[in-house]
Amino acid sequence: MRAALICLDKPDHLQIRLDNRSAHLGYIEATGVVEMAGPFLNPEGQMTGSLVVVNVENLAAAQDWAANDPYALAGLFSSVTITEWKKVIG
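A brief structural summary. In this text the structure is predicted, and so the values were computed from the model without any measurement.

Focus on the overall build of the chain
Okay, step 1: Of the regular secondary structure elements, the chain holds 3 helices and 4 strands.
Okay, step 2: The C-alpha radius of gyration of the chain comes to 13 Å, within 12% of the 12 Å expected for a compact globule of 90 residues.
Okay, step 3: Principal-axis analysis of the C-alpha atoms places the extent of the chain at approximately 35 × 25 × 20 Å.
Okay, step 4: Out of the 90 residues belonging to the chain, those deemed buried represent 28%.
Okay, step 5: Intrachain contacts of the chain at a sequence separation of at least 6 include 69% that bridge at least 24 residues.
Okay, step 6: Of the roughly 5,400 Å² of accessible surface on the chain, a fraction of 54% belongs to carbon and sulfur atoms.
Okay, step 7: Across the chain, the 6 positively charged side chains and the 10 negatively charged ones have centroids separated by 7 Å.

If you want it as structure tokens, here you go:
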């Protein structure tokens, strides 16, 4: 099943995102469940959150993936919403 993770950064946490970006990208590569991902941007073009689509066995696996993301472990996010998602186009 696919799940969409909508992660919003805490205010003024851009440096935490930048400091952990390499580990986050490495985690994505190592786990092999991410189909697409990218940051949300503010009007100035700075990263303010993430949208991640994972293909996993169930919602519990998506929650586990999200909890072990280096961004989450670093305390970057103010909120994380995880919901089952169905690909229709693309």
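More follows now that the structure is in view.
What to know about the sheet that holds strand β1 (residues 2–9)
Okay, step 1: One open sheet accounts for 4 strands, arranged β2-β3-β1-β4; its pairing is antiparallel. For this open sheet the edge positions go to β2 (34–41) and β4 (77–85), each flanked by a neighbour on one side alone. Between one strand axis and the next, the sheet turns by 15° as a mean value, whatever way the strands run.
Okay, step 2: Pairing of β1 with strand β3 (residues 47–55), which is carried by 7 bridges, proceeds in the antiparallel orientation. Residue pairing for β3: I6 is matched across the bridge by L51.
Okay, step 3: The sheet contacts of helix α1 (residues 14–31) involve β1, β2, β3 and β4, and relative to β3 the element is tilted by about 15°.
Okay, step 4: Relative to the sheet, helix α2 (residues 59–68) contacts β1, β2, β3 and β4, its axis offset from that of β4 by approximately 155°.

The rules behind each value
- Residues numbered from 1 in each chain as written.
- Predicted model: local features only at pLDDT ≥ 70, side-chain atom pairs only at ≥ 80, totals over all residues.
- Heavy atoms only, no water.
- Helix = DSSP H or I, 4+ residues; strand = E, 2+ residues; numbered from the N terminus.
- Rg over C-alpha atoms; globule rule 2.2 N^0.38 Å.
- Buried < 20%, exposed > 50% of the residue type's maximum accessible area, 1.4 Å probe, protein only.
- Contact = heavy atoms within 4.5 Å.
- Areas by Shrake-Rupley, 256 points an atom, 1.4 Å probe, with all protein chains shown as cover.
- Lys, Arg positive; Asp, Glu negative; His and termini not counted.
- Charge placed at Lys NZ, Arg CZ, Asp CG, Glu CD.
- Pairing = 2+ DSSP bridges.
- Axes fitted to C-alpha atoms, helices over the stretch in contact; angles between N-to-C directions.

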